[in-house]
Structure formats: structure tokens, C-alpha cells
Amino acid sequence: MAIIDVIKYDGSPDVFAWKFPNQELATWSQLIVNESQEAILFKGGQVLDSFTAGRYTLSTANIPILNHIVNLPFGGDSPFTAEVWYVNKVHSLNVKWGTRTPLQLQDPKYQLFVKVRSFGQFGIQIEDARKFVGKLVGTLPVFNQETLSEYFRGVLMMNIHQLISSYFVHRKISILEINAYISDISKHIQELVAPVFEEYGIRLLNFYVDSVNTPEDDPATLRLREALAKRAEMNIIGFTYQQERTFDTLGQVAKNDSSVKSDLMGAGMGLGMGYGVGGAVGGVMTQLAGELRVDGQDMVCPKCHRSNQHDASFCTGCGTSLAASGGAEKPILVKCSACGEQMPRTTKFCPNCGDPYHPCPECGADNPPDQGACIECGQALPVPCRHCGKPVTSKVKFCPHCGEETALTCKECGSEVRPGQKFCVECGNKLVQEGSS
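Cut-offs applied
- Residues numbered from 1 in each chain as written.
- Predicted model: local features only at pLDDT ≥ 70, side-chain atom pairs only at ≥ 80, totals over all residues.
- Heavy atoms only, no water.
- Phe/Tyr/Trp six-rings, centres within 6.5 Å; stacked < 30°, edge-to-face > 60°.
- Buried < 20%, exposed > 50% of the residue type's maximum accessible area, 1.4 Å probe, protein only.
- Helix = DSSP H or I, 4+ residues; strand = E, 2+ residues; numbered from the N terminus.
- Axes fitted to C-alpha atoms, helices over the stretch in contact; angles between N-to-C directions.
- Left-handed = near helix turned anticlockwise from the far one by under 90°.
- Contact = heavy atoms within 4.5 Å.
- Nonpolar A, V, L, I, M, F, W, Y, C, P; charged D, E, K, R; others polar.
- Lys, Arg positive; Asp, Glu negative; His and termini not counted.
- Salt bridge = Lys/Arg side-chain N within 4 Å of Asp/Glu carboxyl O.
- Polar contact = N/O pair within 3.5 Å; in protein donor to acceptor, adjacent residues only side chain to side chain.
- Core = buried A, V, L, I, M, F, W, Y, C linked by side-chain atoms within 4.5 Å.

Draft legend 1. The arrangement of the packing of aromatic side chains in detail. Counted under the stated rule, the structure contains twelve aromatic pairs. A ring pair is formed by Tyr9 and Trp18, whose centres lie 4.4 Å apart and whose planes are at 25 degrees; its orientation type is stacked. The two residues Tyr9 and Trp18 agree in class, both being buried. Here Phe132 and Phe143 contribute two aromatic rings whose centre-to-centre distance is 5.3 Å and whose plane-to-plane angle is 90 degrees, an arrangement assigned as edge-to-face. Separated by eleven residues along the polypeptide, Phe132 in helix α2 (residues 129-137) and Phe143 in strand β12 (residues 142-144) bring together distant segments of the chain. The same class applies to Phe132 and to Phe143, which are both buried.

Printed below as a string of C-alpha cells:
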């Protein structure tokens, strides 16, 4: 093998480490190191020396350790065997990364299992060339961006999956909203993986998550997008999902020619269409359903809008006479006290956020669970009966559930007090629990 006179590397910039192919060197060989490069000389697995940018002659003056390793019987011109590694220390800002297979996660907001994938790029610089070659490169002849991505893929994917999962679980955001948090995710991932790169002599300059998304053909994501589009459409038109279902049901009944009542229903639908579209149609259809006592259909109370059996004379929710009411009134929409969205008074839970509906017995407004008086009309809200614990309004003296007396008397002045009062309205005495008032 020929003895090398000039040693240099002018290869691709995406190569981080490159080993000079010939190991037969001489003490007069010229070593050329370009800007942003560092050359490391190895002999028997031991680092002889490292060289920054410049031109060097391999001699005992430049490499004193050669006196102990290389036998120089010919006046300092003896050839010797050594390895020369070139390390690229330029800033590399376009190292790509991405998930090979989507991550299976449950959307905490809509409770659907979706497939999540992500991709982006990061920038690095080789800061400690000796540590980089000794710990990471090993016996590979070339170490480039592709090799680096493969080596660190496991560390990256573990931290990326962990961080994205924690954003889903702890922040309770949907997959459709995750891209709003990309900057925070990128910053946290960089903080987690930077110490791992430092162990191999690499400084992590930046880390970017370009996108977190789901495959276009994922069935769960498609259903979720369709449902959200439908909800947005109904919000624009002005009626709820329950009203739309009522509209569809009444339309099917109107098409049934097997009964006289279906003809009357069809006429009612035709009349309802004349009032317009949107919320007006939903209200007219619900009113028609309440006015027509069709066999097998529920009666809707005109006061509290609770569904009752078709042959009921009084409402099971508030006791209102259904026979004398002349039919059900138009459903009233109330604002949810938790999320502020409109919801029908017939529901028990908000269809938007799931918060329980705590209605005021007078105006129907939704109130927080621990509210003492209605936030809309100021009417005292029901409080638990001191005997059975069932909610009782302040206007009754006896609990309708257990029959026990709910009104108490103040020990100081003997005035009557109502459930929920904290002070006597006559003497101002502080009231306490169970018979002490």
C-alpha cells in the first residue's frame, strides 16, 4: 500500500464523521483541515492528537507522542499506521425526524380512539469531537444525518410520545386542537432530549415539531370531523340535535298513511314549514307533538317540559295539569352555567360540556350546584330536606318525598325559618343544623 503524502476531506456537508480510507502514513505527510472541521489521529485505539483548521506536517514536533509509539530507525522518515477521522462541526439545522407508525391514543374531549403521528426537524453541532467519535461512531467508516437519526430515533420517539400523551391526558385537549400547542411541545421535547445528545458530544441547537395530526383515512377522525361539522351547521341554523331528531320523527309520522292522526300530523308539518326554518321549525314541531295526543307518544309538560306518559293527567315533575294546559309550550333554551352554551330545558345534562342541569323552579335558569338563590331571578333554590336529603323548595312546609315538616323555628324569637336560611330574618340569630335553629 502506498504511503500517503496529503490527507484531507472535501465531502458532503451532511456527513458528521468520516475516516480517511488509508492508514499507511509517514511523518512528512501533510494534514489539511478545513474550516468547521476537526481532525483526530488514532493509533491502536488511542487518541494521538486532534487538529483544528489549518495545514499540518505529521512529525514528532507536532505529535510528541509519536516518539513512544512509532519506531523511527530512518531519521524520522519512517512510515507508520494510524487512523485519521474528520469531524464536521458546522451547524446542521435540517435533521429530519418523524414517527414511523401512528400512536394510538384516546381523545380526552370526545372519548374516541385516534391514531396520532408527528414529524419535524432539529439542529445540532458536534461540540466534543473526541467524545463523539469515541462513543458514537465506533468502527463505522461514515457517520451522516441518516445514521444520526437512526441512532437517536428511540430516544426521540419515547419523549415525543410521552409528551404528546401527557398533553392529551392532563390538558384535556382534542387531537383537532393539538397544533395550537406545538410551540410548547417543541420546547419541552428539546429540554428533555438535549442532555442525551450532550452525552455523545453533540449540542442540540433547536428542536421543532412541524405537525401533529392523524392519517386522512382514519375512521375515528373522519367521524369526529363529521360530527363537529354537523354541530356547527345546527348552531348556525339555530336548533339543537334533539329538535332535529323531533323534526325527523314527525316527518316519518307524516308520511304514514295508515292512520287519520298521521294526516293531521302532516297538515301540522305543512303549517309549521310556513313559519320559517331553523329554531322556529323546531319549536313548532315540538308544540304540535305536545298538542296532539297520539297513542304511544309522550306528553310534554308546558311548564317544566318533562316527558310524561301519553295518558297522564298531571306532570310527574311539577304536578301541572296536562289536561287543562291546552298543550305543551314551545321549548325554552337556557344558558349552561358551566360553559355558557344554550341547551334545552328538557335535558338533564348540558350536551356541550356534560355539566348537570340545576334548574330554578321559577324561571328555569341553570345554576351552579352550591348556589343559594337563582342567578337570574333571585328566587331561593331547593335545598336538601333535613330528614331524607331530597331537594325541597322554600315554599313548602312538608317534604313531598318523606312527609316530614321542613319549616323550623328560631330558638331566640320563635319565628318560622325556611330550609337554607343561615340567619333569622326577625332577630338575626345565626341558625345551625338540625333543631338548633
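Draft legend 2. Representation of the packing of helix α3 (residues 145-171) against helix α4 (residues 182-198) within the structure. For the pair α3 and α4, interaxial distance at closest approach is 10 Å and the crossing angle is 145 degrees. By crossing handedness, the relation of α3 to α4 is classed as right-handed. Counting all contacts with α3, which are made through Phe152, Val155, Leu156, Asn159, Ile160, Leu163, Tyr167 and Arg171, the residues of α4 involved are Asp184, Ile185, His188, Ile189, Leu192, Val193, Val196 and Phe197. Residues of the contact of α3 with α4, tallied by class, amount to twelve nonpolar, two polar and two charged.

Draft legend 3. Representation of the environment of Glu146 within the structure. Here Glu146 lies in helix α3. Exposure remark for Glu146: the relative accessible area of 60% places this residue in the exposed category. Residues Glu146 and Trp97 lie 49 residues apart in sequence; the distance between their C-alpha atoms is 9.7 Å.

Draft legend 4. Structural context of the side chain of Asp366. Here Asp366 lies in the loop between β17 (342-344) and β18 (383-384). With no salt bridge to any partner, buried Asp366 finds its closest opposite charge in Lys335, at an N-O distance of 9.9 Å. Polar side-chain contacts of Asp366 include one of 2.9 Å to the backbone nitrogen of His358. Once residues within four sequence positions are removed from consideration, Asp366 is found in contact with Lys335, Cys336, Ser337, Met343, Asp355, Pro356, Tyr357, His358 and Ile375.

Draft legend 5. Just the environment of Val47, in detail. Position of Val47 among the secondary structure elements: in strand β5 (residues 46-51). Each C-alpha atom, one on Val47 and one on Glu83, is 9.4 Å from the other, the two residues being 36 residues apart in sequence. Among all residues touching Val47, those that are not within four sequence positions of it are Ile40, Leu41, Phe42 and Arg130.

Draft legend 6. Highlighting the nonpolar core. Among the nonpolar cores identified, the biggest contains 46 residues, and Phe122, Ile124, Phe132, Leu148, Leu156, Phe197 and Ile202 are the most heavily contacted of them. The biggest single contributor to this core is α3, with nine residues. Other than its neighbours up to four places away in sequence, Phe122 contacts Ser92, Leu93, Asn94, Val95, Lys96, Trp97, Leu148, Leu156, Phe197, Leu204, Asn206 and Phe207. Trp18, Phe20, Ala82 and Val84 belong to the second largest nonpolar core, which has 18 residues in total.

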